[in-house]
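Descriptive structure summary
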Amino acid sequence: MSRQLWVNARIATLQAGAEAPYGLVEDGALVEEDGRIAWVGPRGDLPAALRAGAVEHDAQDALITPGLIDCHTHLVWAGDRAGEFEARLKGASYEEIARAGGGIVSTVKATRAASEEDLLAQSRRRLRDLLAEGVTTLEIKSGYGLSEEAEAKCLRVARRLGELEQLTVRTTFLGAHALPPEFKDRSDDYVDAVCAMLPSLHAQGLVDAVDAFCETIGFSAAQTRRVFDTARQLGLPVKLHAEQLSDSGGAALAASFQALSSDHLEWLSEDGARAMAAAGSVAVLLPGAFYFLRETRVPPVDLLRRHGVPIAVSTDCNPGTSPCTSLLLMLNMACTLFRLTPEEALAGVTRNAARALGLADRGALAPGLRADLVLWDVQSPAQLAYALGANPVRSTYVQGRLR
């Protein structure tokens, strides 16, 4: 049995229901055994038996938090859409860009054409930016292949990224992301194809959850239900892109399937919030997309608070609407744009982000949970959401192992 001990630290445990803000322990100590947290609390209360034989680390007054969790990304894609960004700023509409072969179709074309190794190399660069800021668990959605072969390629790359970089990657099948060119004007036929892909992809061990884009420019509630019915038959949990551009009733639909989360939610209604609360679904807020698209309708954070819906925050890393690889920047944007408190934002990339992925073994610092830790050169947890462009990571540990 291996044992490590960190002392001389302030520890933000992020435990739910903790009396102190952030679950903060001043002059704390944390003990890790075999990849799990064995004890955490004030250093003066540390049992002598746990100190004996431990490899001791002086944290030198660092702040220790749980490893960060990015619970909504589309990290695996090929190509670049900076030209579209420039065109929009010069006045081109989304429709004009799409007619010229841009939009998601351009990403699908590039992703389908890329070899698996090229796709891995491009995606790994983005992943390493996230890892440098203390991310230890990540969700990666498919959705830029839109055929069984290309979706499988993207999901295999996501699995390989986790193996190569030694972090947990949860894969989400997002076949119902957009309509591929070969199914133009045949959305119901494409939904049939999505439902047919899923059992095979699941059998290959490539799918941890299922998502869909339920929106006026995406898929209808009825079509989304068909995808979710297929997921339920396979025993897979669901998530949903919901209420980003309109109130389509997606959050309530997802809640009826006990969804892990509904994401975006700018147009969420009271009925939708009530349904999410009853189902225990997490609200995943994506300030990067809100900022990049210059949206004006803010997610109803007070409504979520009133109904007790857990709030997570994520990068939504994708080429079209949130080309962002900084979860720390999202902490700041969640506070400045959506008016979350720094404590809510930090819980949103730890405890509640873990819940959004169905992972009960991480997201806080408590006995029995994974020893995924980040040591930060800051004086208070609020500083993580305060500074723009700063990266105060000193070191990151995954299951007690220094990365």
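Remember, it's a predicted structure, so these values are computed and weren't measured experimentally.

Quick notes on the packing of helix α7 (residues 187–203) against helix α8 (residues 221–233)
A pair of packed helices can be characterised by two numbers: the angle between their axes and the separation between those axes. The interhelical angle for the contact between α7 and α8, taken along N-to-C directions, is 10°, at an axis separation of 9 Å. One element, α7, and the other, α8, form an angle in the roughly parallel class. At the point where α7 passes α8, the crossing takes the right-handed sense. On α8, the residues touching Ser187, Asp188, Val191, Asp192, Val194, Cys195 and Leu198 of α7 are Gln223, Arg226, Val227, Thr230 and Ala231. A per-class count over the contact of α7 with α8 returns six nonpolar, three polar and three charged.

With respect to the side chain of Asp316
Turning to its location among the elements, Asp316 is positioned in the loop between β12 (311–313) and α13 (327–338). The buried charged residue Asp316 lacks any salt bridge partner; its closest oppositely charged side chain belongs to Lys141, at an N-O distance of 7.3 Å. Engagement of the side chain of Asp316 in a polar contact is seen with the side chain of His74, the distance being 3.2 Å. Look past the residues within four positions of Asp316 in its chain and what remains in contact with it is His72, Thr73, His74, His264, Leu286, Ala289, Thr321 and Ser322.

Things to note about helix α5 (residues 116–131)
Taking 1.5 Å per residue as the helical rise, α5 with its 16 residues ought to reach 22 Å, and the 22 Å between its terminal C-alpha atoms agrees with that figure. Three or more residues of α5 are buried, namely Leu119, Leu120, Ser123, Arg126, Leu127, Leu130 and Leu131. Contact partners of the buried residues in α5: β5 (68–70), α4 (104–113), β6 (135–141), α6 (148–165) and α13.

A look at the domain arrangement of the chain
According to the domain assignment, the chain consists of domain 1 (4–67 + 364–402) and domain 2 (68–357). In this structure, domain 1 and domain 2 have C-alpha centres spaced 30 Å apart. Tallying the contact residues gives 24 residues for domain 1 and 21 residues for domain 2. Together domain 1 and domain 2 conceal approximately 1,700 Å² of surface at their shared face, both sides included; 63% is due to carbon and sulfur atoms. Here domain 1 is connected to domain 2 by zero salt bridges. For the side of domain 1 that touches domain 2, the secondary-structure elements that each account for two or more residues are β13 (373–376), α16 (383–386) and β14 (393–398). Broken down by class, the residue content of the side of domain 1 that touches domain 2 amounts to 18 nonpolar, four polar and two charged.

Section: unusual backbone geometry
Even without being a glycine, Gln258 presents a positive backbone phi close to 55°. Relative to the helices and strands, Gln258 resides in the loop between α9 (250–256) and β10 (261–264). Relative accessible area serves as the criterion here: at 54%, Gln258 is assigned to the exposed category. Here Gln399, not a glycine, exhibits a phi torsion of approximately 50°, which is positive. By the secondary structure assignment, Gln399 is in the loop between β14 and β15 (401–402).

Re the sheet that holds β6
Taken in spatial order, the four strands line up as β5-β6-β7-β8 in an open sheet, and their pairing is parallel. Each edge of the open sheet is held by one strand with a lone partner, namely β5 and β8 (209–212). With direction set aside, neighbouring strand axes in the sheet form an average angle of 20°. Pairing analysis gives five bridges linking β6 to strand β7 (residues 168–176), with the strands arranged parallel. For Leu138, the partnering residue across the bridge sits in β7 and is Val169. Across the sheet, α6 is in contact with β6 and β7; its angle to β7 comes to roughly 170°.

Examining the pattern of salt bridges
All chains considered together, the criterion is met by 27 salt bridges. Between Glu182 and Arg112 there is a salt bridge whose closest N-O contact spans 2.8 Å. Of the two residues, Glu182 sits in the loop between β7 and α7 while Arg112 sits in helix α4, which places them 70 residues apart along the sequence. On the accessibility criterion, Glu182 (38% relative accessible area) is partly exposed. When its relative accessible area of 29% is taken as the criterion, Arg112 is described as partly exposed. As a salt-bridge pair, Glu165 and Arg124 come within 2.6 Å of each other at their nearest N and O atoms. Remark: Arg124 occurs in helix α5 and Glu165 occurs in helix α6; sequence separation between them is 41 residues. According to the relative accessible area criterion, Arg124 is partly exposed, its value standing at 24%.

Cut-off values and rules
- Residue positions are given per chain, counting from 1 as you read along its sequence in written order.
- Reporting in this predicted model follows two pLDDT cut-offs: at least 70 for local features of residues, and 80 or more for side-chain atom pairs to be given and counted; totals over whole chains, interfaces and linings ignore these cut-offs and use all residues.
- Hydrogens and water molecules were not included; the side-chain quantities draw on all heavy atoms of the structure.
- Only the stretch in contact is used when a helix axis is fitted, and all axes are lines through C-alpha atoms; the angle between N-to-C directions ranges over 0 to 180 degrees.
- Comment: elements are numbered from the N terminus, with helices defined as DSSP H or I runs of at least four residues and strands as E runs of at least two.
- For classification purposes, angles smaller than 35 degrees are called roughly parallel, those larger than 145 roughly antiparallel, those between 65 and 115 roughly perpendicular, and all remaining angles oblique.
- Crossings are classed by handedness, with left-handed meaning an anticlockwise turn of the near helix from the far one by less than a right angle and right-handed meaning a clockwise turn.
- Here a residue-residue contact requires only that any non-hydrogen atoms of the pair lie within 4.5 Å.
- When residues are grouped by polarity, Ala, Val, Leu, Ile, Met, Phe, Trp, Tyr, Cys and Pro land in nonpolar, Asp, Glu, Lys and Arg in charged, and all others, Gly among them, in polar.
- Each residue is placed in one exposure class: buried if its accessible area under a 1.4 Å probe, protein chains only, is under 20% of its type's maximum, exposed if it is over 50%, and partly exposed if it falls in between.
- Here Asp and Glu are counted as negative and Lys and Arg as positive; His is not counted, and neither are the chain ends.
- A carboxyl oxygen of Asp or Glu within 4 Å of a side-chain nitrogen of Lys or Arg is what we treat as a salt bridge.
- In protein, a polar contact requires one atom able to donate a hydrogen and another able to accept it; more generally it is a pair of N or O atoms within 3.5 Å, and residues adjacent in sequence count only if both atoms are side-chain atoms.
- What a helix is expected to span follows from its residue count: subtract one and scale by 1.5 Å.
- What counts as a domain boundary in this text is fixed by an automatic or database domain assignment.
- Put simply, buried area is the surface a 1.4 Å probe can reach on two separate parts but cannot reach once they are joined, added for both.
- Strands were regarded as paired on the criterion that DSSP finds at least two bridges between them.

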